[in-house]
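Structure at a glance
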Amino acid sequence: MTSPQSDPAPQPPQGHVHGHTHSHGPAAPVSKHLRKVIAAVVIPFATAVVVGLIAFWPGGVPDHERTGVGFDRQTQDGKVVQVVKVDCADVNAAQVPPTGDTSTPSGREAVDEQEGECAKATVEVTSGDDKGRKFVEVVQPDAPRQLREGQGVVVAYAPDAPRDLQYSVTDVNRKIPMTLLAAIFALAVIAVGRLRGVMALVALAVSFAVLTLFILPAILQGSNPLVVAVIGASAIMLAALYMCHGVTARTSVAVVGTLISLLLIGLLGSLFIGWADLSGNTDDNTGLIHGLYPDIDMSGLLLAGVIIGSLGVLDDVTVTQTSAVWELHQADPRMGWRGLYRAGIRIGRDHIASVVNTLVLAYAGAALPLLLLFSIAQSSVGTVANSELVAEEIVRTLVGSIGLVASVPVTTVLAALVVSADRPGAGTSSSTAAAPARTGRGRRRKA
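None of the values given here were measured: they were computed from a predicted structure.

Turning our attention to the environment of L263. Within the fold, L263 resides in helix α8 (residues 249–275). Judged by its relative accessible area of 48%, L263 is partly exposed. In the structure, L263 is positioned 33 residues away from V230 in sequence and 8.5 Å away in space, judged by C-alpha atoms.

What follows is the structure in structure tokens.
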């Protein structure tokens, strides 16, 4: 039997631990029974994802004969070693139209090609078998990209062309600024997030690995894009959530909420992409993919993009809602699941408004040049929305937004049911911080 004199001794550490739990640790204790229930849901799902990864693992990108068109060209690094200004008439073979009409774009370009000042750039190949080889690139005065001496460039190689025309400049080499920006981003994340920031970067690397090593090659191998996207997105979700937020009941609830929302997005996307007869083959890039790999289901590829694109925002919503419910329960442990749901959904409504607006603006920003073209053509809203290019973005945005909206009540009610069903007194792990704190308070009340 413990003497009264020995009771006060452990109280300061208990109070310290209780305060620390509010700030950094899991918000509420989870009983062994509840952990078993959550594990019974999450472990089979994770096992199915692993089995899916193994079953659909592509083993690399299939080979194909390069077309020399667009992205499907052989490229090397290059460097501009000299730029000389010359008279365009000396280097261009084009002639001014006989009418001399400069009111049309083609007429103005033809005049510039004869009367303007062009740049004659000497470019050296700096990688590959032809390293050290030089060629000349003529840059027109109205070209959107002008070359300067010492600039790094990307050059395309056409082996079937005449020797003097085998190399041409296709783009600027942006590796240094892009690498520097990525380093600044990583440092900022680590400086603010510390260990969480490091884990977030590791999870980001895992996401890119799943995307580049599994999702893309598996689709190119001819696997169903929807199945591949679901498996890949699930693997990314499990890795990102558990690595960033820990293997806890709170994270597991967010995983289940995200999974239910992804399934809803997949069902709605499949329904409306088929109903609206969206082919997924709407531009030069998708046309090239279809030409190289005609067996790829392009509408399925579109649906896969909807699922993967929605995943990142879904993670944010489900984790936030789960954390909100856990904190509400910690603030008032007597609150039942209905009270927790009502309080959590009020937080979720604010989240919905901002997230949906963010998603719509993100897609609108990506499609801004296309929208400008329709504006120039003075097309009506109905005509614009009916075109397949815009209809794809509308379906993508609205299906993703519906999934995001649905994730708030789904995750909130799951979190409320789980945390209110927990009974810390029955089988709670002894490592949980909150339980000893409550025991300490009970001893003080008895005293």
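Time to look at a nonpolar patch on the surface. Taken together, the side chains of I190, L195, V198 and V202 make up a nonpolar region of the molecular surface, amounting to roughly 320 Å² of accessible area. The leading source of residues in the nonpolar patch is helix α6 (residues 195–220), at three residues. On the secondary structure map, L195 appears in helix α6.

Chain-level statistics for the chain give a pLDDT mean of 77 and a share of 78% at 70 or above. No element of the chain has a lower mean pLDDT than helix α1 (residues 11–23), which averages 39, and none a higher one than helix α5 (residues 175–193), which averages 94. Scored below 50 in pLDDT, residues 426–447 shows 26 contacts in the model against residues more than four places distant or in partner chains.

The next thing to look at is the nonpolar core. Within the largest apolar cluster, 53 residues are counted, with the highest numbers of intra-cluster contacts made by I215, M237, V255 and W326. Only α2 (32–56), α6, α7 (225–245), α8, α10 (298–331), α11 (337–366) and α14 (388–421) provide two or more residues apiece to this core. When near neighbours in sequence (up to four residues on either side) are disregarded, M237 contacts F45, V255, T258, L259, L262, L311 and D315. Formed by twelve residues, the second largest nonpolar core is a distinct cluster that contains A121, V125, V139 and V155.

So, about the pattern of salt bridges. Within this structure, the stated rule accounts for seven salt bridges. In this structure, D130 engages R133 in a salt bridge whose closest nitrogen and oxygen atoms are separated by 3.4 Å. For D130, a relative accessible area of 23% corresponds to the partly exposed category. Taken together, the shared-partner salt bridges in this structure form one network comprising R145, D171 and R174.

Let us now look at unusual backbone geometry. A positive phi angle, near 55 degrees, is found at R194, a position not held by glycine. Assessed through its relative accessible area of 65%, R194 is described here as exposed. Phi angles above zero are rare outside glycine, and D277 is one such case at about 55 degrees. Here D277 lies in the loop between α8 and α9 (284–292).

All right, on to a positive patch on the surface then. Together, R338, R342, R346 and R349 make up a positively charged patch on the protein surface. Along the chain, the position of R349 falls in helix α11.

Turning our attention to the state of the cysteines. Here the structure, examined in full by the defined rule, presents one disulfide. Sulfur-sulfur distance for the disulfide between C88 and C118 comes to 2.0 Å. Given an S-S torsion of about 110 degrees, the disulfide between C88 and C118 has right-handed geometry. Here C118 lies in strand β2 (residues 117–125) and C88 lies in helix α3 (residues 88–91), a separation of 30 residues in the sequence. The pair C88 / C118 is uniform in exposure class, with both members buried.

Reading guide: rules and limits
Residues numbered from 1 in each chain as written. Predicted model: local features only at pLDDT ≥ 70, side-chain atom pairs only at ≥ 80, totals over all residues. Heavy atoms only, no water. Helix = DSSP H or I, 4+ residues; strand = E, 2+ residues; numbered from the N terminus. Buried < 20%, exposed > 50% of the residue type's maximum accessible area, 1.4 Å probe, protein only. Patch = residues over 30% accessible without salt bridge, like charges linked within 9 Å, V, L, I, M, F, W, Y side chains within 5 Å. Areas by Shrake-Rupley, 256 points an atom, 1.4 Å probe, with all protein chains shown as cover. Salt bridge = Lys/Arg side-chain N within 4 Å of Asp/Glu carboxyl O. pLDDT = per-residue confidence, 0-100. Contact = heavy atoms within 4.5 Å. Core = buried A, V, L, I, M, F, W, Y, C linked by side-chain atoms within 4.5 Å. Lys, Arg positive; Asp, Glu negative; His and termini not counted. Charge placed at Lys NZ, Arg CZ, Asp CG, Glu CD. Disulfide = S-S within 2.5 Å.

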